[in-house]
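# Breakdown of the fold
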2 protein chains.
Amino acid sequence: MLQLRSKAMCALTSMSSLSVPPPQCLLQPFTVPHRYLFGPGPSNVPPRISTAGAQPMLGHLHAETIEIMDHIKSGIQYAFQTQNRMTLAVSGPGHAAMECAIFNTVESGESVLIAVHGIWGERAAEMAERIGAKVNTIVTSAGSYYTNDEIEQALAKYKPVLFFLTHGESSTGVLHPIDGIGELCHKYDCLFLVDSVAALGGAPIYMDKQGIDILYTGSQKVLNAPPGTAPISFSERACHKIFNRKTKPVSYFLDLSWLANYWGCDGKPVVIVESLAILAETGLENSWKQHKDVAEYFHMGLEKMGLKLFVQDKKARLPTVTTIVAPPGYEWREITGYIMKNHNIEISGGLGPSLGMVLRVGLMGCNSTKAHVDMILQALADALKHCHKSKV
Amino acid sequence: MLQLRSKAMCALTSMSSLSVPPPQCLLQPFTVPHRYLFGPGPSNVPPRISTAGAQPMLGHLHAETIEIMDHIKSGIQYAFQTQNRMTLAVSGPGHAAMECAIFNTVESGESVLIAVHGIWGERAAEMAERIGAKVNTIVTSAGSYYTNDEIEQALAKYKPVLFFLTHGESSTGVLHPIDGIGELCHKYDCLFLVDSVAALGGAPIYMDKQGIDILYTGSQKVLNAPPGTAPISFSERACHKIFNRKTKPVSYFLDLSWLANYWGCDGKPVVIVESLAILAETGLENSWKQHKDVAEYFHMGLEKMGLKLFVQDKKARLPTVTTIVAPPGYEWREITGYIMKNHNIEISGGLGPSLGMVLRVGLMGCNSTKAHVDMILQALADALKHCHKSKV
């Protein structure tokens, strides 16, 4: 525990024109505890990355900033496995990247196809609707995914300009297969947009080889940085559509023609560049293998305890976020609360379509280790012993 | 200078499926220099704030996070001098706050009035146009401001639902008067939106007393935090319009009904809370006085050197960002380049309407000291001696 803020006296001048006094809560010390963040994100930030965030601030036009931005671009190109020139980081959380992708590629009145196999597809549909797109969705039950045939049928039927798919669906724990979908999209003259916020760096994805036109992720998952920076990349095909649109995107802040000129992340990129450096040093394939091995070790341990995995199909299990069927007879909130209180570990319940149905455990980046798995298994076993069990 | 990133060997596996190798630039050490950031922002981040940013990450639903968010809310209420319940921080740069204000309060087809006395009014007009508002502007020459009569005439003529005004116009160095404008807006049933990114904390503003309906600022100016968090507050009157709109705002990410429920700044608020704590300890009026005294000391020194201030009217001079008439006969870029190279100090040229006409010097928060003024005056004198002077 570190102590924030020194105790200090309020400095109000005697004849004040202020009607709102300095808040007492801000004049008290406040401590931020260390916790194991094994929920679906944010994940823990290792010292090397938080130290980088405390480096001196730079101006947004300094030579070193331009150089750092080039490094970030190279790091994202590596992490995404792409040669795309149009590769950058948006200053904002994952939602900002999602809107950046949709706002730039879609014009009002255009047809969009969204795969809804969890909450992120629902969000994407909501965003596309708000800008006046004709939104069509394909929906599947929580925990399952689409075949390429199902996707092709929908592409043929709706003739969308954009197809949205979540790679790592953190609400259901599904890792969606990507192979062949890019080719299908291009056959139907459609851009392929992939959300890999919860999977990137933890599960294989090859932007160029798999024909992905727009790909984005977040900083606070496998990359282990604080939230607020979202790497994103656009293919030539995507750029061609974006730079030939008839209308301007609704957002100036997220307009690619402005972002491409200069991305709005003054000074801050130092944090994400450190994350990307760690990934480059580790090696992308080693990172994928690490997440896969640790997830399999975790899944085995869970099954040994008698717990059930929510995603039936082994190869569709997201290696970064595991969904466990909520143990029958227990109140899931009691389990997550017990583990937080007694083990200082965050795990979470379901979200959107999986609400009430699952427990979710995220092990991303530096959190993805067998030692952490052992910790969680022990905490879960302890919770199942001590939490109330109904007679059901 | 601190060294980032340890030298490390690339970890490519022998039979790689990767077509993009780990970038060499990320595998090299990289140093971030310390510089005096005396441009219009970002400003330097003091150790106390950067240390707070390196605190352990918290989950966005942890009790401490909720508590920190309450502290931030109190801190913003103090800094803004408001009792508004709807007070929060947007996860994004100033542009995101500007869009948050406009997107939520304005519907397509509604009339908006924008005061363009620098670049920020131009940006606001661009944003309002993109969402289909009927945008009317009042324009004044760079370096001047509007009288309340001029504003009232425009309000009567255009009957806008929203009037946008920049308090601290960092592109021209003008501190715009605020008194009486809120009442005028309300007389014409119009919301009063004020951008105080470059002035808040450094010059007096009283949100409630001055009848401001929406007010926002940035984290990287007087607050001395890294960019990426934007405090914003909405009056009851603004909320009434927002929560009775007929259409949804174009952005989900910036939709107040979602933000109000939970603002998307997981974990990160620790940095901004520390900035707000420093402001509460210092006292808002002491901070205003400090910026005023230091600015006046700076302006006197500049005039003693024979340099001219761009803003004629003394009381309209922004105490956080000073605009100096570009010295005749010199190339302004040579001056800023010389000072950066030889004095390790960033100052900047003009922006938008003041491009080529001024030098801009920002002294905000911890940077606002007489010792820093002396440093800059010396650097400027040195530059004027050594830079090329044309025969003009």
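In this text, all values refer to a predicted model and were calculated from it rather than measured experimentally.

In this structure, Lys159(A) takes a positive phi of about 40 degrees despite not being glycine. Positionally, Lys159(A) belongs in the loop between α5 (148–158) and β7 (162–166). Owing to a relative accessible area of 62%, Lys159(A) belongs among the exposed residues under this scheme. Positive phi values are uncommon outside glycine, yet Asn344(B) reaches one of about 60 degrees.

All names here are of chain A. In space, the seven strands of this open sheet follow the order β4-β12-β11-β10-β7-β5-β6, with mixed pairing throughout. Strand pairing shows two members of the sheet lacking a second neighbour, β4 (86–91) and β6 (134–139), which therefore form its edges. Averaged over all pairs of adjacent strands, the angle between their axes in this sheet comes to 20 degrees, without regard to strand direction. One ladder, built from five bridges, connects β7 with strand β10 (residues 191–195); its direction is parallel. For Phe164, the partnering residue across the bridge sits in β10 and is Leu193. This element, helix α4 (residues 119–130), spans β5 (111–116), β6, β7 and β10 of the sheet and lies at about 160 degrees to β5. On the sheet, α5 packs against β5, β6 and β7 and is oriented at approximately 155 degrees with respect to β5.

Further remarks concern the interface of chain A and chain B. Counting residues at the interface gives 97 residues for chain A and 97 residues for chain B. A combined buried area of about 8,200 Å² lies between chain A and chain B, and 63% of that area is made up of carbon and sulfur atoms. Broken down residue by residue, the surface that chain A buries against chain B is led by Met57(A), Arg130(A) and Tyr252(A), which jointly contribute 10%. The interface formed by chain A and chain B includes six salt bridges. Counting across the interface, chain A meets chain B through 28 residue pairs in polar contact (both at pLDDT 80 or more). Elements with a minimum of two residues in the side of chain A that touches chain B: β1 (2–4), β2 (30–32), α1 (47–53), α2 (63–80), α3 (94–105), α4, α9 (269–282) and α10 (284–304) of chain A.

This paragraph deals with the nonpolar core. Counting residues in hydrophobic clusters, the biggest one holds 86 residues, and the most contacted among them are Phe234(A) and Phe234(B). Filtering out sequence-adjacent residues up to four positions away, Phe234(B) remains in contact with Asn84(B), Met86(B), Cys100(B), Ala101(B), Met207(B), Asp213(B), Ile214(B), Cys239(B), Ile242(B) and Leu256(B).

Residues and elements named next belong to chain A. Spatially, β13-β16-β15 is the arrangement adopted by the three strands of the open sheet, whose pairing is antiparallel. Every other strand in the sheet has two partners, leaving β13 (321–325) and β15 (348–349) as the edge strands with one partner each. Two elements, β13 and strand β16 (residues 358–362), share five bridges in a ladder whose sense is antiparallel. From the neighbouring strand, Val321 faces β16, where its bridge partner is Gly362. Docked against the sheet, α10 engages β13 and β16, running at close to 10 degrees with respect to β13.

It is worth spelling out the pattern of salt bridges at this point. A complete count under the given rule lists 26 salt bridges over all chains for this structure. Measuring nitrogen to oxygen at the nearest pair gives 2.7 Å for the salt bridge that ties Glu64(A) to Arg35(B). Taken together, the residues Glu64(A) in helix α2 and Arg35(B) in the loop between β2 (30–32) and β3 (36–37) connect one chain to another. Take Glu64(A) and Arg35(B): they sit in the same class, and that class is buried. Of the charged contacts, one joins Arg130(B) and Glu126(B) as a salt bridge, the two residues approaching to 2.8 Å between their closest N and O atoms. Remark: Glu126(B) and Arg130(B) occur in helix α4 (residues 119–130); sequence separation between them is four residues, near one turn of the helix. Here Arg130(B) and Glu126(B) have matching classes, each one buried.

The transform that puts chain A on chain B rotates by 180 degrees and translates by 0.0 Å along the axis, for an RMSD of 0.0 Å. The superposition operator between the copies reduces to a two-fold rotation axis. In terms of C-alpha distance to the rotation axis, chain A has Gly92(A) as its closest residue, with the C-alpha 2.5 Å off the axis.

Turning to helix α11 (residues 332–343) of chain A, a few remarks are in order. All names here are of chain A. Over its twelve residues, α11 runs 16 Å from end to end, which matches the ideal 16 Å to within 8%, given 1.5 Å per residue. For α11, the set of buried residues is Trp332, Ile335, Thr336, Tyr338 and Ile339. When α11 is viewed along its axis, its buried side chains cluster within an angular range of 160 degrees and face the same direction. Turned more than 90 degrees off the buried face of α11, the exposed positions are Arg333 and Lys341. Downstream of α11 by a residue or two, Asn344 has a phi angle that is positive, lying close to 60 degrees.

So, on to the UniProt feature "modified residue: N6-(pyridoxal phosphate)lysine" (unreviewed entry) in chain A. Residue and element names in this part refer to chain A. The positions UniProt marks with the feature "modified residue: N6-(pyridoxal phosphate)lysine" (unreviewed entry) are Lys221. Counting through the fold element by element, Lys221 comes out in the loop between β11 (214–216) and β12 (229–234). Take Lys221: its relative accessible area is 10%, and that puts it in the buried class. Not counting the four nearest positions on each side in its chain, Lys221 is found in contact with Pro40, Gly41, Ser43, Val197, Ala198 and Met364.

Each value, and the rule that gives it
Residues numbered from 1 in each chain as written. Chains lettered and ligands numbered in written order. Predicted model: local features only at pLDDT ≥ 70, side-chain atom pairs only at ≥ 80, totals over all residues. Heavy atoms only, no water. Helix = DSSP H or I, 4+ residues; strand = E, 2+ residues; numbered from the N terminus. Buried < 20%, exposed > 50% of the residue type's maximum accessible area, 1.4 Å probe, protein only. Pairing = 2+ DSSP bridges. Axes fitted to C-alpha atoms, helices over the stretch in contact; angles between N-to-C directions. Contact = heavy atoms within 4.5 Å. Buried area = accessible area lost by both parts, 1.4 Å probe. Salt bridge = Lys/Arg side-chain N within 4 Å of Asp/Glu carboxyl O. Polar contact = N/O pair within 3.5 Å; in protein donor to acceptor, adjacent residues only side chain to side chain. Core = buried A, V, L, I, M, F, W, Y, C linked by side-chain atoms within 4.5 Å. Least-squares fit on C-alpha atoms with pLDDT ≥ 70 in both. Expected span 1.5 Å × (residues − 1). Arc of directions from axis to C-beta. UniProt positions renumbered as here; feature names shortened; annotations may be inferred.

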